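Each chain, written out:
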Amino acid sequence: MSMSTLLEIKSSVLRQVQSRQSLRGRKETPAPASNPDTLSTEAAATGVVEGDGEFFERMKSILQKQGNMQRSARSESLSDSGAPPPPEAAWQTAVPECPAFTRRELDLLYEEALYTVVNRVGVPSPQYVMDETELFAYLQKVFDVGQEEHDIILQRVRGSKRASYSLKVSVMKGKNLLAKDANGYSDPYCMLGILLGQSPRETEEKKERKFSFRKKKDKAEKRSSVREVLPAKYIQVTEVKSQTLNPVWNEHFVFEIDDVYSDLLHLDIWDHDDDVSVAEACKKLNEVSGFKGMGRYFKQIAKSVRTNGTAASVEENVDDFLGCLNIPINEIPANGFDKWFKLEPRSSASKVQGECHLILRLVTTQRDTTLGKKDSYASIHERLLSRVLQYEHAQVKTEPYNWEGKLSQPAWTLISHHAVQTDLSAQQKAIIRWQCYSQHHRAHTMAYTFLLELLRNVEQEWDDSTLQPEMEQGLADSFGLFVEYCLALLKNMRQVFPCSSAAAVARCEFMLRCLGQIHAMQTFKKVCPFHNELHVEIVTVIKKSTLEWYEGTISTFKPEEGTLEEQMKRLVLVVDAVSADVQKSQNVYNKLFSSAVKIDFFSISYRQLEKLVADDVCAATEKVCGSLEQEGSRLTQGMGETLFELYMSLKTLKQYREFLPLKDTKALALSGFHDWFKSSIHKWLQIVHERSCDRIRKAVEVDKLEPVHPLSKHSTSAVDVTTCFNQVREFWVQLAWPDSAGAFIFVTRLTDDVCSAAVCYSELIKRKIERSQQRPDSKNLTNQLCIALNNIEHVRKFISNLPKDLDWKALEQAMEESCGADGKEQVQKALNAQLLNIDMDLQREAKRMIANLTDKMVLDLKKYIQHISLSPDSINNDDAVTPLMKYLDDTLVILNESLVKENLDRVLHGLWRLLLRLIFDTVAENRGVSVEFYGRFHYTVEALVEFFHAEGEGLTLEDLRNEDYKALEEELRLNKCSSNELIEQYFLEKICQQRTLKHSKFGRISVKCYYEAADQRLTVEVLHAADLIALDANGLSDPFVIVELCPHHLFPTTKSQRTQVKNKTLHPVFDELFQFHVSPEQYRKKFACIEFTVMDHDWLSTNDFAGEATAPLSDFCGPDKAVLPGGGKAVQPLILQLSRPKPSDKPILKMLEARAGDREAQEFVKKLKEIEKSMAEED
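Now for a look at the structure at hand. Only a predicted model underlies this, so the values are computations on that prediction, with no experimental measurement involved.

## Section: the overall build of the protein chain
Within the protein chain, the secondary structure is distributed over 39 helices and 16 strands. Across the 1179 residues in the protein chain, those meeting the buried criterion constitute 51%. Partitioning the contacts of the protein chain with sequence separation of at least 6, the portion at a separation of at least 24 is 78%. Split by element, the accessible area of the protein chain, about 55,900 Å² in all, is 51% carbon and sulfur.

## Digging into the side chain of glutamine 435
With respect to the helices, strands and loops of the structure, glutamine 435 is situated in helix α13 (residues 426-443). The class for glutamine 435 is buried, based on a relative accessible area of 7%. Looking at glutamine 435, its side chain comes within polar contact range of the main-chain oxygen of glycine 474, at 3.2 Å. Residues within four places of glutamine 435 in sequence aside, it is in contact with Glu382, Met471, Gly474, Leu475 and Ser478.

## Description of the nonpolar core
Leu650, Phe677, Ile799, Leu861 and Phe948 are the most contacted members of the largest nonpolar core, which totals 136 residues. Tallying contributions element by element places helix α25 (residues 740-772) first for this core, with 14 residues. With residues up to four places along the chain from it excluded, the contact list for isoleucine 799 reads Val754, Ala758, Leu835, Ile838 and Leu842. Counting residues in hydrophobic clusters, the runner-up holds 125 residues, among them Leu108, Val117, Leu475 and Val505.

## Structural notes on the pairing of strand β5 (residues 264-271)
Of all eight residues making up β5, eight are buried, and the element is well covered by its neighbours. On β5, burial covers both faces: Leu264, His266, Asp268 and Trp270 on one face and Leu265, Leu267, Ile269 and Asp271 on the other are all buried. The pairing of strand β2 (residues 188-195) with β5 spans eight bridges and is antiparallel. From the neighbouring strand, methionine 191 faces β5, where its bridge partner is aspartate 268. Pairing analysis gives eight bridges linking β5 to strand β6 (residues 320-328), with the strands arranged antiparallel. Bridge assignment links leucine 264 to a residue of β6, and that residue is proline 328.

## Observations regarding the environment of valine 923
Following the sequence through the fold, valine 923 ends up in helix α32 (residues 901-925). By relative accessible area, which is 0% here, valine 923 ends up buried. Along the chain, valine 923 and leucine 972 lie 49 residues apart, while their C-alpha atoms are 7.5 Å from each other. What valine 923 contacts, discounting residues up to four positions off in sequence, is Tyr934, Phe937, Leu968, Glu971, Leu972 and Asn975.

## With respect to the sheet that holds strand β7 (residues 337-342)
An order of β4-β1-β8-β7 is seen for the four strands of this open sheet, with the pairing classed as antiparallel. Only two strands of the sheet have a single partner each, and these edge strands are β4 (248-257) and β7. Taken pair by pair, the neighbouring strands of this sheet meet at an average axis angle of 25°, ignoring direction. In this structure, strand β1 (residues 164-175) lies alongside strand β8 (residues 355-366), joined through 11 bridges in antiparallel fashion. In the strand pairing of β8, glycine 174 is matched with cysteine 356.

## A short note on the sheet that holds strand β15 (residues 1104-1112)
Across the sheet, four strands lie side by side as β12-β11-β14-β15; this open sheet has antiparallel pairing. On the outer flanks of this sheet lie β12 (1057-1058) and β15, each paired with one strand and no other. The pairing of strand β14 (residues 1089-1096) with β15 spans eight bridges and is antiparallel. Note on β15: the bridge partner recorded for glutamate 1091 is threonine 1110. Across the sheet, helix α36 (residues 979-996) is in contact with β11 (1039-1046), β14 and β15; its angle to β15 comes to roughly 90°.

## A short note on the packing of helix α14 (residues 448-460) against helix α17 (residues 502-520)
Contact pair α14 / α17: the axes reach a minimum separation of 8 Å and the direction vectors enclose 15°. As the angle between them shows, α14 and α17 are arranged roughly parallel. Taken as a pair, α14 and α17 cross one another with a handedness that is left-handed. Residue-level contacts link Tyr448, Thr449, Leu451, Leu452, Leu455, Arg456 and Glu459 of α14 to Arg507, Phe510, Met511, Arg513, Cys514, Gln517 and Ile518 of α17. Looking at side-chain class alone, the contact of α14 with α17 contains eight nonpolar, two polar and four charged residues.

## Observations concerning helix α12 (residues 409-421)
The first and last C-alpha atoms of α12 sit 18 Å apart over 13 residues, in line with the 18 Å expected at 1.5 Å per residue. α12 sits mainly inside the fold: 11 of its 13 residues count as buried. Among the structural elements, α3 (103-118), α4 (132-143), β8, α11 (377-394) and α13 are those in contact with the buried residues of α12. Positive backbone phi, at 60°, marks aspartate 423, one or two positions downstream of α12.

## Describing unusual backbone geometry
With omega at -5°, the peptide bond leading from cysteine 1046 into proline 1047 counts as cis. Here the phi dihedral of glutamate 951 falls at roughly 55°; this positive angle occurs in a residue that is not glycine. For glutamate 951, the position within the fold is in the loop between α33 (931-949) and α34 (957-960). Classification of glutamate 951 by relative accessible area gives exposed; the value is 78%.

## Quick look at the packing of aromatic side chains
For the coordinates displayed, the defined rule picks out 33 aromatic pairs. Ring centres of phenylalanine 987 and phenylalanine 1164 lie 6.0 Å apart, and the angle between their planes is 70°; on these two criteria the pair is classed as edge-to-face. Placement of phenylalanine 987 in helix α36 and of phenylalanine 1164 in helix α39 (residues 1159-1178) is noted, with a sequence separation of 177 residues between them. When sorted by exposure, phenylalanine 987 lands in the same class as phenylalanine 1164, which is buried. The rings of Tyr647, Phe673, Phe677, Trp732, Trp737 and Phe746 are connected pair by pair, giving a single aromatic cluster. Over the face of the ring belonging to tryptophan 340 we find lysine 175, whose NZ or CZ atom lies 4.2 Å from the ring centre. Taking the ring centre of phenylalanine 321 as reference, the NZ or CZ of arginine 346 above it sits at 5.2 Å.

## What about the environment of glutamine 366?
Within the secondary structure layout, glutamine 366 lies in strand β8. Between the C-alpha atom of glutamine 366 and that of glutamine 421, which follows or precedes it by 55 residues, the distance is 9.5 Å. With residues up to four places along the chain from it excluded, the contact list for glutamine 366 reads Tyr115, Lys161, Ala163, Ser164 and Tyr377.

## Brief notes about the packing of helix α15 (residues 469-491) against α17
Look at α15 against α17: their axes get within 11 Å of each other, and the N-to-C directions meet at 145°. Considering how the two elements wind past one another, α15 and α17 form a crossing that is left-handed. Mapping the contact onto sequence places Phe479, Phe482, Val483, Cys486, Leu489 and Leu490 in α15 and Met511, Leu512, Cys514, Leu515, Ile518 and His519 in α17. When the residues that make up the contact of α15 with α17 are grouped by side-chain class, the tally is 11 nonpolar, one polar and no charged.

How each quantity is defined
- Along every chain, residues carry numbers that run from 1 in the direction the sequence is written.
- Local features in this predicted model are restricted to residues whose pLDDT is 70 or higher, and side-chain atom pairs enter the listing and the counts only when it is 80 or higher, whereas totals over whole chains, interfaces and linings include all residues.
- The basis for every side-chain value is the complete set of heavy atoms in the structure, and neither hydrogens nor water enter the calculation.
- Here a helix means four or more residues in a row that DSSP labels H or I, a strand means two or more in a row labelled E, and each is numbered from the N terminus.
- Exposure categories follow from relative accessible area, calculated using a 1.4 Å probe and restricted to protein chains: below 20% of the type maximum is buried, above 50% is exposed, and the middle band is partly exposed.
- Note on definitions: a residue-residue contact is assigned when non-hydrogen atoms from the two residues lie within 4.5 Å.
- Throughout, the Shrake-Rupley method with a 1.4 Å probe supplies accessible areas, and for residues the shown protein chains are the sole cover considered.
- In protein, a polar contact requires one atom able to donate a hydrogen and another able to accept it; more generally it is a pair of N or O atoms within 3.5 Å, and residues adjacent in sequence count only if both atoms are side-chain atoms.
- Grouping buried Ala, Val, Leu, Ile, Met, Phe, Trp, Tyr and Cys residues that are joined through side-chain atoms within 4.5 Å yields what is termed a nonpolar core.
- The pairing criterion is simple: DSSP has to find at least two bridges between the two strands.
- Fitted lines through C-alpha atoms serve as axes, helices being fitted only where they are in contact, and the angles separating the N-to-C directions of these axes extend from 0 to 180 degrees.
- Under this scheme an angle from 65 to 115 degrees is roughly perpendicular, one under 35 degrees roughly parallel, and one over 145 degrees roughly antiparallel; angles in between are oblique.
- Definitions for this section: a left-handed crossing has its near helix turned counterclockwise from the far helix by less than a right angle. A right-handed crossing has that turn clockwise.
- Polarity classes work like this: nonpolar for Ala, Val, Leu, Ile, Met, Phe, Trp, Tyr, Cys and Pro, charged for Asp, Glu, Lys and Arg, and polar for all others, with Gly in that last group.
- The span one expects for a helix is its residue count, reduced by one, times 1.5 Å.
- A pair of Phe, Tyr and Trp rings is counted when the ring centres sit within 6.5 Å of each other, with Trp represented by its six-membered ring. The angle between the planes then sorts it: under 30 degrees is stacked, over 60 is edge-to-face, the rest tilted.
- Two conditions define a charge sitting above a ring: the NZ of Lys or the CZ of Arg must be within 6 Å of the ring centre, and it must be within 35 degrees of the ring normal.

Structure (structure tokens):
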């Protein structure tokens, strides 16, 4: 291809790229003007969409489409249908025909062919046809010649002058010759010539004699071709190779042959000596006149023969004989000899050894044909071969496109003999074969593997020193035409070499290898010095081919026609077609171009297509965004699905960038294509959420609340909901939003949508259960409640996997990389808060259902607990508890079969809390009864703990012994105590509360307490009080302090003591001392204490309660805490915070109050109630 042609292609590509209208600039088909929100007119036209799953099925098919396309493209590239490849000639702008011959030209060629057959010489090889008649019949078919015309031309050929022949001899080398010199070597040279043919009689007479260069007087006199002066051409000599037994001559000679049937080639090898020798005589052979001179010359040779191997005279100085060869001309094959010949002796006395390598070839020097007289033999041979090729290829019926140029025997016989007879060199034959076959291929397709062999043969035989200008120009033209032909095919390679045809792909590979071979050949560089670089030519053609293919795709799908939604759907088809083409480029074409011509087809094609697609899609999405921004316009479901499909198609196309070299991945047009969809994705997510809620409503509506499978415990709606959520998750995963900030927003939105849809589902399933409660079948209702619980748990489990399903961790890392630690923290807070809230909501809904379930058991449980409480003391505890345990066992068997483990645990927790509450209420309602009553319930509680624990298979002991359990245990324990024990427990609690009281709004009191062990005397000093509450109208109080030892039944003889009243103060100073007798038995009780009661003195009414404080005696009394007499001054004051408790809140008070027959209990309760009444009056 010339430089001008290449520039023209480049300019054409550039013009088309510049002038090509993208979708942005193409004339738009106007949308219907009747309503502005064209995107929102689909509404109910799609039929029943809400909840029927069609939306999600379509979205699923969109996701599967890309994988199906890739598998289809792979299977297409791997399939081999066996169909023939598309015809190559159809894609050529000007297909060159095979040479068209006139009838006159055919007749002349036919004459040439007949002359070749008639003048065949040499021993034919097995591949040749020997029968002349068979050859004539073949030629008649090739040239379409009738018998009569054949006879006329054949008669003319036979009457013409026979061809003149010459023998080309190449003396190449010798080996293992006999050593004749004293140094162990010889100085060999060859003397060779043609011995004229002998008559049969003479041959018989002298059959014992070997041929030599002797005078053939009798023979010469009989032959008209021999003149009186012997021409020098009959005898030639090589150079002398000194001191070697393996000489290399590589010299070439030509001998005219008088008679190819009887003449003989004779060769002698001699060892050269110093003086006059045969070599010198041969060089002066032209000086020898007549046969007398030849006779004297051969006498010298004969003398050498006679002295060979014997002691010669010192004066005699002649060459030594090393061996000879005699090769009859009629034994030389038609295609010549190229072999080693074993040297022969001249007589039985001669001693010789070694071999000589000769190349022999018979050629014609004069041909009496019309063409032979006016045209070169090479051009004649080319035309003859072209004619034969046309006929031979036409005979191939099976896969003619894959013909490897193998000729039939008659054809090969003709072509070979003609090449030999016209003395064509190996280089000429290689060039002519290439020219003929390549020209024939352009019209009638052949195997590129064969053409590649022809190219390699041309390069192998190349010798620019012997090539004629005419043939050099013809070779250059054939190279140019073939390259141009191949580039034209590459321009339409997707049609000519489709991936679906293995034969076409293989042809493409070897065609590229032919192109690579041509541009790598020294021959090509010599005959086409101004050729273009192959890489530049192919890259230019690839770009032009890709552009035209894309334009063809656009014209096929017409994405500029129809409504805006239809345009987007057509654009999806364009992008999918590009993706399929890119995949074929990567899987098939790139391997061919890379291995054959070292060109990255994929990178060139992908970058060009990617830019073209980006321009068109960007323009189209801008139109969509503009339409969505119009007032009253919204994204319809159909448009949303189309945009999602377009996004996925672009994502698939973009993914092929990973096959690009790193340097080509920068600044790709599709790098930020997701930004084109940012606004529409938000609206699409809203559509997905709406369709999800529709589907959930429909799923709940049709759900029969029956297990979907015998091995499962949830119903169809739970499966449908999680399937819906899973598809939403898959949509997001496939979306693979690359921008971390945008991804965070979308994931937050998706999570919120899924959570709200889950809450919606739980509410819908709860309402369904509530409607079912109106039915009388309680057992069926229980089963439905269990299934509903399992459904919610099934959904809750799915949502708990959202962090993994939506890959929150990767999002955190992306946000951390782009926004630092704050970005990561923002993701964690936002998403985890959403997950926590939905989990709490679902668990709350589950608890409500569990409460609904357990509430239905309350009446039965109360009945069995009442049975325990009313059972007489004489009945065994096991018998009293058995009905309750049987009921629980039967119920839990049903629940265990119906509930998943998580829900069973929740029900067990709820049931356990219910039982504890019911038992507690029963015990509280029966205070003051026998101790056996409380003991029985204590037994019941422990039996229930063992039942619910179920040897570790049920609830944990930690969960069972919760706060409710502890309160019930305390209630039972206290009810079993006597009144004094209860009062003691009351003071123990007061001591504990006093220890925990660090600050009080009721003020504080400062005292000193110390014990004198020797006298068993407790001294109490009331020092002062501070920040007391104001109980009088003047905002002050008249405080005094009552000091007493408690409980009274422990100190029956000890009376309380009191300080003086300090008027009108909130910070009184008392400084009064009191003494009490306390024995070691008394102060050792943990509940023994001193109680300080601060009262407000009133003259006209009862005193008001201002506060109290309690101090255990164990803090002051005891051997280790006693002081010596008079040692009270060293004791540090104790500050006690005052409190105003409400005794009625304490269960102990209620227990004591219930014991109406216990005087001491009633007095204790009465005193506390008076204080509480005083506080109530103050309030």
